[in-house]
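Survey of secondary and tertiary structure
Listed here are the chains, written in short residue letters.
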Amino acid sequence: MSVLGDEKTRVVVTGATGRQGSFHLGQMLEFGTRVVAGVTPGRQGQEVSGVPVYDTVETAVEKHGANAAVVFVPGTLAKDSVMECIDAGVPLVVVISEHVPLHDAMVINAFAAERGTTIVGPNTYGLCAPSARCKIGIPPNSIFQSGPVGVVARSGTLSYELVGSLTDAGLGQTTVVGMGGDRVAGLNFIDMLKRFERDPETEVVVLIGEIGGTAEEEAAEYIKGMSKPVIAYLAGKSAPPGKRMGHAGAIIERGRGTFESKVSALTAGGAKVAQLPWEVAPLVKGALKA
Amino acid sequence: MKLYEYMAKGVLAESGVPIPRGRLCRTPEEAAAACRDLGPVAVKAQVLVGGRGKAGGIKVADTPQAAEAAARQILGMDLKGYTVGSVYCEQKLSISQEIYLSLTFDPSAKRPMLIASASGGMAIEEVPEKAIIKRGIPVAWGLQPYMAYQVARRIGLGATLAREFSDIATKLYRAFVRLDAELVEINPLAVVDGHIMAADARLNVDDDAMARHGDLPKTDEATPLEAKVRALGLAFVQLDGDIAVMANGAGITMATLDVMQHYGGKPMNFLDAGGGSATGPTAEALAILVSTRPKAVLVNIFGGITRCDDVARAIVQVRQNQPAAKDVPLVVRLVGTNEAEGHAILRGAGIDAFRSMQQAAERVVALAGEGLAGAEAARGDTEGDLAG
């Protein structure tokens, strides 16, 4: 079983005729995802990899019952595309677009909250539920395998690295989700931890974080009450202190946000923190045996 | 993108927020003239880094001669690595209270937030949590005057000052949204003769929104090398070490630096070549890295969309086209799509290629003569290490 995306997920791709959109539409089909439609205004009647393209998301939902969307349009246009998806009643919208303006991300989230839409991203690689053959996004198809590990991450290629190392070690995944690297994101660590905690198939959770922000510290509070083991890896131990954003940054973070703060919060929350990337798979194996 | 104080003050003035009288000066003579017009002034270095006051970048001058001397001292001075090119001469204020006010975003609540304290000024970060008020702002409605008024009363301002505060905050909020700002910070918001004005201003515009603000002046904190690599559309930060690093994706780049440092290596930079498929900018960036003559270079690519053979060809090409590249030890860690082809191409060109991140990191540190492995290399027994 998976916690996001399953056999019944019917995906519409916005920005489907663009370079990234058309390539990944094909890759998703190859993985087994039910991609039912593409959307690019003005391109209705065309096809991408045999999938029909429409002018509006509304039409794709009407004709094909799309219940998930993946957005590939450029960052400054993403707000419009995501809001169109929300308005068309699509319950899950995965925003691959990079460089989405901060204020746009806040507007998207406010509208999604009003309509009860789940937003993944922006600036995410998406998600994958291997057992359901459902990949919505851009990660390489070859790294996934079905199994008992739930993975939630901020960074893309670091996820590929660690998911690949899990698969190499024979440790498959229930669902792998990227929250995206932006400062204002839809789904967060806690949202995913809650889903993994409820999911009967997920036995261990891997949390991949990095320095900056306080998402890991907030997740650590939730982990305290979880019954399932959590293995964490954090990037940025050697990074110099980031360029500060006025006094406001310090007032909000209050000493949190650093590598040390995240490690101590997660450890206090009961998670095991891997020191090096290749320690994650052995720790997961140990947690599964226990 | 950060705006200089004088630019941020310009935005404030346009938005109807009261600011002290002031003038931008590029020479000591201009500073003297400004003082003749404005009376006693504060001569303030225009730099994008914080903490300039403590670093000697602000001087008070009561006479034109003193202003000229102060400007002469400050202009051209090095402030945390940045050369001061201009000063802002601003009328000296007699301040009775320093208030802190900022508008920024709350990543957890996914909405804007107003932060205020009655104890602003240089020590704002030491003010206890309970003396700071944070007020979330609904995205759909924006900051309404009553919200800011409530905050003002909660930090203890009287009715008159609270009304002024509320008026200023709502005007600032409109500018915050209009300019796609990630931060508008007024510290201090000064009480002068019973009224409030913005004595300092900081305004950071969201880099991702710059495309819709073509009219804003451009400022840049980047070093020349950073500017060169960023022009290729890649994320780049210069660090203090001497092993150049390139990886694809911010997270894996950070992890690569961490792993290298774990083995005792000192990274020279953070270069995220991106997760995309274009090898052109990657090769150009690598060429720039090599041209800085690092002790060694580590390339760590997890090929998803990026194909390993394309990356390998790009690397070999740099090695062939750059005379300097022949002398710089190059270690490549390459996994993913078309991995075997990529490794064959690299080996054919005499470049170390690894599948394991661990081995690649150990190797590059040894080649640079750093860490434990480096110490052993100096004694001439690296081979034993590499077998593992």
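Residues numbered from 1 in each chain as written. Chains lettered and ligands numbered in written order. Predicted model: local features only at pLDDT ≥ 70, side-chain atom pairs only at ≥ 80, totals over all residues. Heavy atoms only, no water.

Quick notes on the packing of aromatic side chains
- Using the criterion set out here, one finds 5 aromatic pairs over all chains in the structure.
- Between the aromatic rings of Tyr125(A) and Tyr160(A), the centroid separation amounts to 5.5 Å while the plane-to-plane angle is 75°, which identifies the pairing as edge-to-face. Here Tyr160(A) lies in helix H5 (residues 156–168) and Tyr125(A) lies in the loop between strand E7 (118–120) and strand E8 (126–129), a separation of 35 residues in the sequence.
- Note on Tyr125(A): relative accessible area 4%, which makes it buried.
- Owing to a relative accessible area of 7%, Tyr160(A) belongs among the buried residues under this scheme.
- Linked through ring pairs, Tyr125(A), Tyr160(A) and Phe302(B) together constitute an aromatic cluster.
- In this structure, Arg133(A) is placed above the aromatic ring of Phe31(A), and the distance from its NZ or CZ to the ring centre is 4.0 Å. (Phe/Tyr/Trp six-rings, centres within 6.5 Å; stacked < 30°, edge-to-face > 60°. Helix = DSSP H or I, 4+ residues; strand = E, 2+ residues; numbered from the N terminus. Buried < 20%, exposed > 50% of the residue type's maximum accessible area, 1.4 Å probe, protein only. Lys NZ or Arg CZ within 6 Å of the ring centre and 35° of its normal.)

Overview of the domain arrangement of chain B
- Domain annotation for chain B reports domain 1 (21–91), domain 2 (97–212) and domain 3 (224–386).
- The C-alpha centroid of domain 3 of chain B is placed 45 Å from the C-alpha centroid of domain 2 of chain B. (Domains from an automatic or database assignment.)

Concerning the packing of helix H2 (residues 28–38) of chain B against helix H3 (residues 64–74) of chain B
Residues and elements named next belong to chain B.
- Viewed as axis vectors pointing N to C, H2 and H3 meet at an angle of 145°, and their least axial separation amounts to 7 Å. Note that H2 runs across H3; the crossing there is right-handed. Where H2 approaches H3, its residues Pro-28, Glu-29, Ala-31, Ala-32, Cys-35 and Arg-36 are matched on the opposing element by Pro-64, Ala-67, Glu-68, Ala-71 and Arg-72.
- Broken down by class, the residue content of the contact of H2 with H3 amounts to 7 nonpolar, no polar and 4 charged. (Axes fitted to C-alpha atoms, helices over the stretch in contact; angles between N-to-C directions. Left-handed = near helix turned anticlockwise from the far one by under 90°. Contact = heavy atoms within 4.5 Å. Nonpolar A, V, L, I, M, F, W, Y, C, P; charged D, E, K, R; others polar.)

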